[in-house]
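Given next are the chains, with one letter for each unit.
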Amino acid sequence: MTRVLIYGATGFTGRAISHEAKQAGLDFVVAGRNHERLMELAEDVDVPFITVRLDDAVGLDQALNDVEVVMNVAGPFVDTAQPVLEACLRTRTHYLDVSGERASFARALQYDGCARERGVMILPGVGFVNTPSDCLAAHLKKRMPDANELRFAFSRVDLVSRGTMRAMLSLVRRDVCIRRHGELVAIPVGRLERCFDFGEGLQMAAALSWADVITAYHTTGIPNIEAYAEMSVPVRGAYQLGALWAEPLRLLPARWASDLALKAWPEGPDMTARQGKRRVIVAEVENLGRWKMTSRISLPDGYSITPPIAIRALQKVTSGELKPGFATPAKVFGADFITDFDGVRIEDVIRGSLDNFRWQW
């Protein structure tokens, strides 16, 4: 039995994960809809390939019949996750993906009951940014077990692939999704802005709809969660202006225009562009006594860290480290999972009425 199927393997991240899987010695097959590109990749990494479209339910079932785990790398995940997920449930195959799209996590969560019944694990977000942020949330929950509020902030994006740009465009909405008292609620774009220290002084960030309002709640149970992204004044202005045009941008002519523009966008940054680039995620928790604790995680750029995270997750799942139903990286692998990777550093900051100090490891 082939243990792993990588779907969407011919994309920028899919190719990187396929090469990482080969180096790790995984038993896998690559799959997707483009026969020619799949054949070229399969020859390059010397593994079998399967050509199958997502609208071919029978073909998907046949592709998964002899597979233990699927790694979905085909975005946008709001479109691709559902057919792959449903095929996994029919064939009792564990599902993983590298999504960061909140809508795809919300959809995956709806299959939790069915997945538990069939002994299937649904684990989205095994890459950047969800795995680091989820582990950071679990880390802070350990530091402050009585935390009532959790806020994330992500440093600015310097490198954007075609797939990331497509996902970013999908975030353009009139409202931002946050969690209040355990429930998901919508607030207008621009309503929430806060300053966070990414390691070089306070920077302004604006709230956005991120998957952590789902995953961090599942991992920690903290009832109030918000997510932010570092944005300059011009970027915040463009973000709010885009929100005003969110609905017209979803009309078919606008979608055609954006798809045409995205074809001209670079598929992904090369190694030279990624050299020395790092991302920082800040998370802070607060309890009812208004005591605050903050932690920062610094790590390589998302395109460099995602393949090793995905492969390590696959290795753990194929060795039996899994939990049926909807799952999160930290819930399955533990809060320290992210610290096993080269170039990852966590810094803790304790703030209280008398204390203000930090340490690193």
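In this text the structure is predicted, and so the values were computed from the model without any measurement.

## A look at the overall build of the protein chain
Regarding its fold elements, the protein chain presents 14 helices and 17 strands. Looking at the protein chain as a whole, 52% of its 361 residues are labelled buried. Within the protein chain, residue pairs in contact and separated by at least 24 positions form 72% of the contacts whose partners lie at least 6 positions apart. With the model as given, the accessible surface of the protein chain reaches about 16400 Å², and the carbon-plus-sulfur share is 52%.

## Side note on the environment of Val185
Here Val185 lies in strand 9 (residues 183-188). Using a relative accessible area of 30% as the deciding quantity, one classes Val185 as partly exposed. Distance in space between the C-alpha atoms of Val185 and Asp175 is 9.4 Å, their sequence separation being 10 residues. Those residues within four positions of Val185 in sequence are excluded, and the remaining contacts are Val176, Cys177, Ile178 and Arg180.

## Things to note about the confidence of the model for the protein chain
Mean pLDDT over the protein chain: 87, with 80% of residues reaching 70 or higher. Under a pLDDT of 50 for its full length, residues 249-257 has, in the predicted model, 10 contacts with residues more than four places off or in other chains. Low pLDDT, under 50, characterises residues 352-361; the stretch is placed with 27 contacts to residues that sit more than four places away or in other chains.

## Focus on the packing of helix 1 (residues 12-24) against helix 13 (residues 302-318)
Packing of helix 1 against helix 13 brings their axes to within 9 Å, and their N-to-C directions diverge by 50 degrees. Here helix 1 is positioned oblique relative to helix 13, judged by the angle of their axes. Once helix 1 is placed against helix 13, the crossing between them reads as right-handed. Contact residues: helix 1 offers Phe12, Thr13, Ala16, Ile17, Glu20, Ala21 and Ala24, while helix 13 offers Tyr303, Thr306, Pro307, Pro308, Ala310, Ile311 and Gln315. The class makeup of the residues in the contact of helix 1 with helix 13 is 10 nonpolar, 3 polar and 1 charged.

## So, the pattern of salt bridges
Applying the stated criterion across every chain yields a total of 17 salt bridges. A salt bridge links Glu149 to Arg151, with the nearest nitrogen and oxygen atoms 2.7 Å apart. A single network of salt bridges, built from pairs that share partners, joins Glu149, Arg151, Arg194, Glu284, Glu286, Arg290 and Lys292.

## Remarks on unusual backbone geometry
Residue Pro76 follows Gly75 across a cis peptide bond; omega there is -5 degrees. On the secondary structure map, Pro76 appears in the loop between strand 4 (67-72) and helix 4 (77-91). Omega for the peptide link from Phe128 to Val129 comes to 20 degrees, which places this bond in the cis form. With respect to the helices and strands, Val129 occurs in the loop between strand 6 (121-123) and helix 7 (130-143). Phi is positive for His181, which is not a glycine, with a value near 55 degrees. Among the structural elements, His181 can be located in the loop between strand 8 (175-180) and strand 9. Looking at His181, the relative accessible area reads 69%, which means it is exposed. Its identity as a non-glycine residue notwithstanding, Arg290 has a phi of 70 degrees, on the positive side.

## With respect to the side chain of Glu230
Its location among the elements puts Glu230 in strand 12 (residues 224-230). A distance of 2.9 Å separates the side chain of Glu230 from the backbone nitrogen of Arg156, its partner in a polar contact. Glu230 has contacts with Phe154, Ser155, Arg156, Phe198, Gln203, Met204 and Ala205, leaving out every residue within four places of it along the chain.

## With respect to the packing of aromatic side chains
Considering all chains together, one arrives at 6 aromatic pairs under this definition. Ring geometry for Phe12 versus Tyr303: centroids 5.8 Å apart, planes at 75 degrees, classification edge-to-face. Pair noted here: Phe12 is in helix 1 and Tyr303 is in helix 13, with a separation of 291 residues, a long-range link. Comparing Phe12 with Tyr303, the two get one shared label, buried. Plain terms: the ring middles of Phe337 and Phe341 are 5.5 Å apart, the flat faces sit at 85 degrees to each other, and that makes the pair edge-to-face. On the accessibility criterion, Phe337 (2% relative accessible area) is buried.

## Some points on the pairing of strand 8
Both strand 8 and strand 9 contribute to a ladder of 6 bridges, which runs antiparallel. Bridging across to strand 9, Cys177 finds its partner in Ala186.

## Points about helix 5 (residues 102-109)
Buried within helix 5 are the following residues: Ser104, Phe105 and Ala108. On an axial view of helix 5, the arc spanned by its buried residues comes to 100 degrees, and they lie on one face. Those residues of helix 5 hidden inside the fold are in contact with helix 4, helix 6 (112-118), strand 6, helix 7, helix 9 (212-220) and strand 15 (325-326).

## A closer look at the nonpolar core
Counting 95 residues, the largest nonpolar core has Leu5, Ile6, Phe28, Met71, Leu96, Leu150 and Phe152 as the members making the most contacts within it. Apart from residues no more than four positions distant in its own chain, Leu5 is found in contact with Val29, Ala31, Ile50, Ala63, Leu64, Val67, Val69, Val70 and Met71. Formed by 13 residues, the second largest nonpolar core is a distinct cluster that contains Ile187, Phe198, Ala207 and Val280.

Criteria and thresholds
Residues numbered from 1 in each chain as written. Predicted model: local features only at pLDDT ≥ 70, side-chain atom pairs only at ≥ 80, totals over all residues. Heavy atoms only, no water. Helix = DSSP H or I, 4+ residues; strand = E, 2+ residues; numbered from the N terminus. Buried < 20%, exposed > 50% of the residue type's maximum accessible area, 1.4 Å probe, protein only. Contact = heavy atoms within 4.5 Å. Areas by Shrake-Rupley, 256 points an atom, 1.4 Å probe, with all protein chains shown as cover. pLDDT = per-residue confidence, 0-100. Axes fitted to C-alpha atoms, helices over the stretch in contact; angles between N-to-C directions. Parallel < 35°, antiparallel > 145°, perpendicular 65-115°, else oblique. Left-handed = near helix turned anticlockwise from the far one by under 90°. Nonpolar A, V, L, I, M, F, W, Y, C, P; charged D, E, K, R; others polar. Salt bridge = Lys/Arg side-chain N within 4 Å of Asp/Glu carboxyl O. Polar contact = N/O pair within 3.5 Å; in protein donor to acceptor, adjacent residues only side chain to side chain. Phe/Tyr/Trp six-rings, centres within 6.5 Å; stacked < 30°, edge-to-face > 60°. Pairing = 2+ DSSP bridges. Arc of directions from axis to C-beta. Core = buried A, V, L, I, M, F, W, Y, C linked by side-chain atoms within 4.5 Å.

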